[in-house]
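# Structural overview for review
Given next are the chains, with one letter for each unit.
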Amino acid sequence: MEEKSMMETVQSFAVKQALKYVEREPEKNLPKLLDWADKFDKENLYAKQREVFHHVLEHPEGNWYQLIMRVFQLDEGVRKAFLENFIINASLIGSSRQESARKKEGCNIPWAILLDPTSACNLRCTGCWAAEYGHDQSLSLETIDSIIRQGKALGTYLYIYTGGEPMVRKADLIRLCEMHPDCEFLAFTNGTLIDEAFCQEMLRVKNFVPAISLEGFEQANDGRRGQGIFEKVMQAMALLKSHKLPFGISTCYTSANYADISSEAFFDMIIEAGALFVWFFHYMPVGNDAAPELLPNPEQRKTVLERIRAFRETKPIFSMDFQNDAEFVGGCIAGGRNYLHINAAGDVEPCVFIHYSNVNIHDHTLLEALKSPIFMAYHNAQPFNENMLRPCPMLENPERLREMVKKTGAKSTDLQSPESVDHLCDKCRPYAENWKEMADKMWDPETGRTKE
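Quick look at the structure, then. (Residues numbered from 1 in each chain as written. Predicted model: local features only at pLDDT ≥ 70, side-chain atom pairs only at ≥ 80, totals over all residues. Heavy atoms only, no water.)

### Digging into the overall build of the chain
Looking only at helices and strands, the chain has 17 helices and 13 strands in total. Taken against the 2.2 N^0.38 rule, which gives 22 Å for 452 residues, the C-alpha radius of gyration of the chain at 21 Å falls within 12% of a compact globule. Look at the contacts in the chain between residues 6 or more apart in sequence, and 72% of them connect residues 24 or more apart. As displayed, the chain has an accessible area near 19600 Å², and 54% of this comes from carbon and sulfur atoms. Taken together, the 50 basic and 65 acidic charged side chains of the chain have centroids lying 4 Å from each other. (Helix = DSSP H or I, 4+ residues; strand = E, 2+ residues; numbered from the N terminus. Rg over C-alpha atoms; globule rule 2.2 N^0.38 Å. Contact = heavy atoms within 4.5 Å. Areas by Shrake-Rupley, 256 points an atom, 1.4 Å probe, with all protein chains shown as cover. Lys, Arg positive; Asp, Glu negative; His and termini not counted. Charge placed at Lys NZ, Arg CZ, Asp CG, Glu CD.)

What follows is the structure in structure tokens.
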């Protein structure tokens, strides 16, 4: 880890000691630790957070308490590394460094960096932008290492692999975990390459977490991903669970599978399989060969929002809906505000779904990329809409993306079939117009929240 300040060192030591204390008897010691936090937080800097945790701990029958206990059932070494990397490095030390860098540099600084180790994939899923992205590009081990080192200097300790299929580069992913034990690594993966040997490597390095793609039950999943993939995913999850390893689910909701992935049966299935979190992504019509018919209609999107929020109060799993939860994070999180994306050719993009850039990581530093025209356009324009149910500059506000790309001279970074911003935004305009009416009915501008 880069040299830490005295304050960071003291904070790190204090939190590590607190975690050790909790580890001994979580159910008994968590309430005591929170009582101490109450006494030390004399200025009430964390009053809301403490109130939430008090509520959770006072209701052991509740889903959030049960989720915390599920975390304490993980392999001890893996759990310890995750908590230290996430709480101390990514959140405590990292957030402080990020804020300092934002003030000094006058640009966005990301909490997480998404990057593609390779554009290659062993599957070809219907409607996947990566399927049209090209299959012969990759970032070298040295380049990824450099990105991480630059990121840590800015306070970024969370790295998320996308693709392509990241697990095509298994050996390098594990090597990077070894090189940066102070970081937490997550990979969006189709799960088909997770085997016993890789589970043993995860237990050894302790800081790698898979997010397995699952599009619903067998028929819906295999209809998009290929025959037999659902069964392979179930086998991978069973293997991870048997080794007490953390993992989650990533699911893209479409007009075809929205009912499956937002059902109670789906939530129960993935919880029983051992998943600790589930990330929901709205289908994006990215790429010249995208399938706009997969876009959910307003009623379908509303159904997904309502069901996920209902299960968030009853199911012991952490869920995030990346299109409908913008109100909790202040709008669009791309453009380096919370994250950015680097593709397998090294192009630094504001979003994993928005393939336009001014710079390449092989020719520019990470900080230079964050100060490039397209990233500064994001920085200066966020949020893109006061209605947080319409956060995206592409899907819900396509004229904003069209304007930014043309004004900054950003070029298409699609590795196989470059798509003009007009072609992309024209596909999104009908969706944006249809969703606006629904979103405006659901949004309360006075409270800045979705109506109950």
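Text resumes after the structure shown.
### Observations concerning helix α12 (residues 264–273)
Within α12, the full set of buried residues consists of Phe266, Phe267, Met269, Ile270, Ile271 and Ala273. The secondary structure elements touched by the buried residues of α12 are α4 (63–71), α10 (229–242), β5 (248–253), α11 (258–261), β6 (277–282) and α13 (298–311). Backbone geometry just downstream of α12 places Gly274 in the positive-phi region, at approximately 115°. (Buried < 20%, exposed > 50% of the residue type's maximum accessible area, 1.4 Å probe, protein only.)

### Notes on the sheet that holds β6
Strand order in this open sheet of 9 strands is β7-β6-β5-β4-β3-β2-β1-β8-β9, and the pairing throughout is mixed. Both outer strands of the open sheet, β7 (318–321) and β9 (348–349), are each paired with one neighbouring strand and no more. Sheet topology places strand β4 (residues 208–213) next to β5; 3 bridges connect them, and they run parallel. Paired with Ala211 across the strands is Gly248, a residue of β5. The strands touched by α13 within the sheet are β5, β6 and β7, with β7 carrying the most contacts at an inclination of about 155°. (Pairing = 2+ DSSP bridges. Axes fitted to C-alpha atoms, helices over the stretch in contact; angles between N-to-C directions.)

### What about the side chain of Thr251?
Looking at the secondary structure, you find Thr251 in strand β5. Look at Thr251 and you get buried, because its relative accessible area is 1%. A polar side-chain atom of Thr251 sits 2.6 Å from the main-chain carbonyl oxygen of Leu214. Contact partners of Thr251, with chain neighbours within four places excluded, come to Leu214, Glu215, Asn257, Ile261, Val278, Trp279, Phe280 and Phe281. (Polar contact = N/O pair within 3.5 Å; in protein donor to acceptor, adjacent residues only side chain to side chain.)

### As for the packing of aromatic side chains
In the structure shown here, the tally under the stated rule is 15 aromatic pairs. Aromatic side chains Phe86 and Trp111 sit 5.7 Å apart centroid to centroid with 85° between the ring planes, which places their arrangement in the edge-to-face category. Of this pair, Phe86 sits in helix α5 (residues 76–105) while Trp111 sits in the loop between α5 and β1 (112–115), and the two are 25 residues apart along the sequence. For Phe86, a relative accessible area of 30% gives the class partly exposed. A relative accessible area of 25% means that Trp111 is categorised as partly exposed. Ring centres of Trp279 and Phe322 lie 5.4 Å apart, and the angle between their planes is 65°; on these two criteria the pair is classed as edge-to-face. (Phe/Tyr/Trp six-rings, centres within 6.5 Å; stacked < 30°, edge-to-face > 60°.)

### Notes on the side chain of Arg390
Position of Arg390 relative to the elements: it lies in the loop between α15 (373–381) and α16 (398–408). Setting aside residues no more than four positions away along its own chain, Arg390 makes contact with Asn385, Glu396, Asn397, Trp435, Lys436, Ala439 and Asp440.

### Focus on the nonpolar core
Among the nonpolar cores identified, the biggest contains 126 residues, and Phe208, Met394 and Leu401 are the most heavily contacted of them. The leading source of residues in this core is helix α17 (residues 421–442), at 9 residues. Excluding its chain neighbours within four sequence positions, the residues that come into contact with Leu401 are Ile354, Tyr378, Pro393, Met394, Val421, Leu424 and Cys425. By size, the runner-up hydrophobic cluster in this structure holds 8 residues, among which are Val22, Leu30, Leu57 and Tyr65. (Core = buried A, V, L, I, M, F, W, Y, C linked by side-chain atoms within 4.5 Å.)

### Digging into unusual backbone geometry
Residues Gly163 and Gly164 are joined by a peptide bond in cis, for which omega reads 5°. Mapped onto the elements of the fold, Gly164 is located in the loop between β2 (158–161) and α7 (170–179). Pro383 follows Gln382 through a cis peptide bond whose omega is -5°. With respect to the element layout, Pro383 can be found in the loop between α15 and α16. One non-glycine residue with positive phi stands out, namely Lys206, at about 75°. Along the polypeptide, Lys206 turns up in the loop between α8 (196–205) and β4. We classify Lys206 as partly exposed; its relative accessible area is 29%. For Lys244, which is not glycine, the phi torsion reads 55° and is therefore positive. With respect to the helices and strands, the residue Lys244 is situated in the loop between α10 and β5.

### Some details on the environment of Cys177
Here Cys177 is to be found in helix α7. Given a relative accessible area of 2%, Cys177 falls into the buried group. Separated by 93 residues in the primary sequence, Cys177 and Ile270 have C-alpha atoms spaced 26 Å apart. Those residues in contact with Cys177 that lie beyond four places of it in its chain are Phe185, Val205, Asn207 and Phe208.

### Considering the pattern of salt bridges
Counted by the stated rule, this structure contains 29 salt bridges. Among the ionic pairs, Lys371 bridges to Glu105, the shortest N-O distance being 2.6 Å. With Lys371 in the loop between α14 (366–370) and α15 and Glu105 in helix α5, this residue pair connects regions lying 266 residues apart in the sequence. Lys371 sits in the partly exposed class, given a relative accessible area of 39%. Overall, Glu105 belongs to the partly exposed group, its relative accessible area being 22%. Among the ionic pairs, Glu327 bridges to Arg309, the shortest N-O distance being 3.1 Å. With Glu327 in the loop between β7 and β8 (339–342) and Arg309 in helix α13, this residue pair connects regions lying 18 residues apart in the sequence. Each member of the pair Glu327 and Arg309 is classed as buried. (Salt bridge = Lys/Arg side-chain N within 4 Å of Asp/Glu carboxyl O.)

Honestly, it's all geometry; don't read function into it.
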